[in-house]
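What follows is each chain in one-letter form.
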Amino acid sequence: MRWVLTGLLLAACGVSEPPATEERYAALAGAPAIQVGAVRTGGFALFRQEAMRDGRQSYLGPGGVGLVLDRGLIIASRGTPDALMAVEVEGLHAALRQTTGGETLRRHWYLTGTNENEELALTCAVRPMGPREVRIGGGTVPAHLMVERCDGVNVIENLYWLGRDGDILQSRQWIGPRTGALSTRLTRRPAR
Amino acid sequence: MRRRLIGTAAALILGATTAETQGLSLYGLPGLVDMPTARAMEDGSLALTAGGFGGTLRNTLAFQVTPRLTGSFRYARIRGYDFDGAQDRFDRSFDLQFQLASERGPGPAVALGLRDFGGTGIYSSEYLVATKTFGSFELTAGLGWGRLAERDPLGAPLGLLSDRLATRPDARAGGIEQTGRLDAGSWFRGNASAFGGLAWEPSERWRIVAEYSPDLYRLETDRGLVDVRSPVNLGASYRWDNGIALGAYAVQSTDLGLRLSYGLHPARPPRPGGAEPAPPPLLPSPAGGPATLMQGLEAQGIGLEAIEIDGALAEVRIENRRWPVTAQAVGRTARALGNTLPEGVERLRIVFTESGMPMSAVSMDRQAFAEMEFSPEGGARLREHVALDDAWREFDAEPRFTYGLGPYAALSTFDPDAPLRADVGLQLDAAHRLGSGLSVAGRLRQPLAGSLDESDRVSDSRLPHVRSDSARYDRSAGLELTRLTADYLYRPGPDLFGRVSAGYLERMFGGLSAELLWYPVEGPLALGAEVNYARQRGFDLGTGFRDYDVWTGHASAYYDLGLGYRAQLDAGRYLAGDWGATLSLDRDFGNGFSVGAFLTLTDVAPEDFGEGSFDKGIRLEIPVSWITGVPTRSRIRQTIRPVLRDGGARLNLGNRLYEITRPVRGRALTEGWGRAYR
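What you see is a predicted model; the values in this text were computed from it and never measured.

Analysis parameters
Residues numbered from 1 in each chain as written. Chains lettered and ligands numbered in written order. Predicted model: local features only at pLDDT ≥ 70, side-chain atom pairs only at ≥ 80, totals over all residues. Heavy atoms only, no water. Helix = DSSP H or I, 4+ residues; strand = E, 2+ residues; numbered from the N terminus. Rg over C-alpha atoms; globule rule 2.2 N^0.38 Å. Contact = heavy atoms within 4.5 Å. Areas by Shrake-Rupley, 256 points an atom, 1.4 Å probe, with all protein chains shown as cover. Lys, Arg positive; Asp, Glu negative; His and termini not counted. Charge placed at Lys NZ, Arg CZ, Asp CG, Glu CD. Disulfide = S-S within 2.5 Å. Buried < 20%, exposed > 50% of the residue type's maximum accessible area, 1.4 Å probe, protein only. Pairing = 2+ DSSP bridges. Axes fitted to C-alpha atoms, helices over the stretch in contact; angles between N-to-C directions. 1 Å grid on protein atoms, 1.4 Å probe; cavity = no way out; pocket = protein on both sides within 12 Å on 5 of 7 lines; lining within 4 Å. Points joined across faces, edges and corners; volume = space filled by probe spheres on them. Buried area = accessible area lost by both parts, 1.4 Å probe. Salt bridge = Lys/Arg side-chain N within 4 Å of Asp/Glu carboxyl O.

(A) Spatial organisation of the overall build of chain B. Helices and strands together make up the secondary structure of chain B, namely eleven helices and 30 strands. Whereas a compact globule of 678 residues would reach a radius of gyration of roughly 26 Å, chain B reaches 28 Å, a difference of no more than 12%. Taken along its principal axes, the extent of the C-alpha atoms in chain B is 85 × 70 × 50 Å. Excluding contacts between residues fewer than 6 apart, the proportion of contacts in chain B whose partners are at least 24 apart in sequence is 58%. Summing over all exposed atoms, chain B offers an accessible surface of approximately 27,300 Å²; the carbon and sulfur share of this is 59%. Taking the 75 positively charged and 82 negatively charged side chains of chain B as two groups, their mean positions are separated by 3 Å.

Right under this line is the structure:
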């Protein structure tokens, strides 16, 4: 048997390159941010806006998690347990801003283990749940709550707290079976 | 239509990494206790089983090769089998089961099976089996030959066709020298016995089995190793969601049997979406200059070799150091380009290079790449949009020195004295690229702990000892020069690749090696030729050589059969001077995970080849990123050979052109685009 310096070997195994991700996140200090929570674990973090292109905002959180929002709706996620490559929410923006709600179709595309994008389609109903208040930046803002219930392989329930101008102030949105739902909340009142 | 779509999606998205292993037998294939059933595993799944009772332990790797064909390799130990109980028998065997009919219709599933069709013949048997499910019950009945016809034989069914088929020649008559030959002459011959059983699955997790077995374990009972008191075996197994199943069995009323199985599916890595950080977003307008571009690419594990802007076209030559999926490397590169290049640049051409040699090019409109980012099936749409071509014109690459120090592990398997030996140690890799395609690279290894040096096996091979002296190399145990070569990679013309290597080519041989490969960018077919002059290295793995030298080389054809199957045929002269051919078949799961088998037949007579009769084996290739979710081009390759002998041996070259070009040619380039925007 040869037993020489196994400790050295273990030390060599532990060597890894420093993460550039944290630097990238730190460099965004001061950028517009939203508060994002994982409903399953109860953890919260500040996600900072990294870019805005064609009305879509890309946010980066700690650990390299990325979210892309379109008028408050999550349309893509990266670095989450499910890679949500794209989302189509036909009629959802309109239904959320109607007092009676409406029927919608939600389609998600996920990255699979064989590098394809697989579709998950859900039929949804949007219903108003009445007035609520949302705490933003130390104060409260009047809002009304809308619920989006979807049926498919998964039964999911997304919640949206909308401000008077139709902005999504706070939400709970389902990402995928591995990730569960994420909550989002604005860190300051929308400027009008 | 939508329902079906939803169903498929759910299977892929929600499907666990694991595969079903509950319905496996102690032989590690679909079955009851010892008896087979006609079921097949999920297509593509892999199952590892350790099962046994008393002094018998069977370790089996089973693979569902196609929806109907199941194959397995088994390494069994029977305690005290040889020399009147003085020595254990380590037995290697292969099984095949083919499902003739599935259970879709009103009839039962029907399967034909061969157990141990090419090993030492201890488990040699064949069967025809039918299985039908009734609610939570599963009824199985079959006819067995060979070992499965030891109790109450019904006569020889095939004897009705021909007298020759009425008796079964003794497959074991030839002894160890005869092992490894296909015993086709005895298949389904002689007496057959009936077997059968019942399985009950009261819940998703439990499976209760009872069977009638005609296997009298004659070879074992003759040696006093097994006591068979009853033909009835009973058992129960439980499965967890993590792919593990555990079973306990009452075998022949005398022994307690146990089975532990683990199943996984190569198409379902634990983290399909990847654990890497989100890519940098595409900015609404570009910022920065060439330095920003270089930094941006470096941060993505992509080396910038050269950039050329000509009007609206920008061409970059890059080296992908991180991404196992080429389409993802394209995506990360296109992002960095989109965020830095001046707005006048409308078209991007990304040339992949390896060791300073241009390989393939991917071209696209900058605008289109940005527009499809968040669109449904964006990656697949991008694939339709990009143009792929051969980028064969060479360029001046800058000299570069790279090195890496890390741990390594080396394994030696199936030595009857110690079935598994291993070494761990430190390995230093260094490479100096001198210019385009020209480089010097080497590897030093220092074993730190392990047992490889304990083997005192002496080769009894009648052929030149080109591989069978491996234990003598292992015993050197000191600092070893694993390889040190000067390599020149070049592009002789469109779709052509060339390589010349000289030096210490591998652990046991040094010399010269030259290779040419023709591989069209998108084509399924590649053709290659290789000529080597090899001289055997000294056992101390220093710089010295031994007397044996040989001219060896092959002509090779590689063909993508579609649906993930890949075939390779190599014909030529092997290291021991023998002439012949190797046929390999691999199943590739579109994510770098592949499972394959190969066999080599040469003009060496089986008696000269020795144990095993001819070279064969199975091989697994698992990307490290499949396991961890973290992108890296590192992969674990493991070839499992029942016996490593001197016939049918090739040089172990680390830079064969097909392996270098495969990530950026054929299927690896045309598929995987669903990951482009990840």
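Text resumes after the structure shown.
(B) Region of the structure containing the state of the cysteines. Residue and element names in this part refer to chain A. Under the defined criterion, the tally for this structure stands at one disulfide over all chains. One disulfide bridge connects Cys-124 with Cys-150, the sulfur atoms lying 2.2 Å from each other. Judged by the torsion about the S-S bond (105°), the Cys-124/Cys-150 disulfide is right-handed. Of the two residues, Cys-124 is situated in strand E9 (residues 117–136) and Cys-150 in strand E10 (residues 139–151); the sequence distance between them amounts to 26 residues. For Cys-150, a relative accessible area of 1% gives the class buried.

(C) Representation of the sheet that holds strand E6 (residues 125–134) of chain B within the structure. Residue and element names in this part refer to chain B. The sheet built from twelve strands closes into a barrel, its strands ordered E1-E2-E3-E4-E5-E6-E7-E8-E9-E10-E11-E12 with antiparallel pairing. The sheet shows a mean angle of 20° between the axes of neighbouring strands, direction not considered. The pairing of strand E11 (residues 244–251) with strand E12 (residues 255–264) spans eight bridges and is classified as antiparallel. If you follow Leu-246 over to E12, its bridge partner there is Leu-260.

(D) Main features of empty space enclosed by the protein. Taken as a whole and judged by the stated rule, the model has six cavities of 30 Å³ or more. Looking at the largest cavity, its volume works out to about 190 Å³. Lining of the largest cavity is provided by 19 residues; of these, Asn115(A), Pro324(B), Ser625(B), Trp626(B) and Arg675(B) occupy positions nearest its centre. Taken as a whole, the second largest cavity holds about 120 Å³ of empty space. In terms of lining residues, the second largest cavity is bounded by 13 residues, among which Ser58(A), Val68(A), Arg78(A), Ala278(B) and Pro279(B) are the most central.

(E) Up close: the interface of chain B and chain A. Across the contact, 58 residues belong to chain B and 53 residues belong to chain A. Each partner contributes to the roughly 4,600 Å² buried at the junction of chain B and chain A, and carbon and sulfur atoms together form 60% of this total. Inspection of the region where chain B meets chain A yields one salt bridge. With its nearest N and O atoms 2.7 Å apart, the salt bridge here joins Glu373(B) to Arg53(A).

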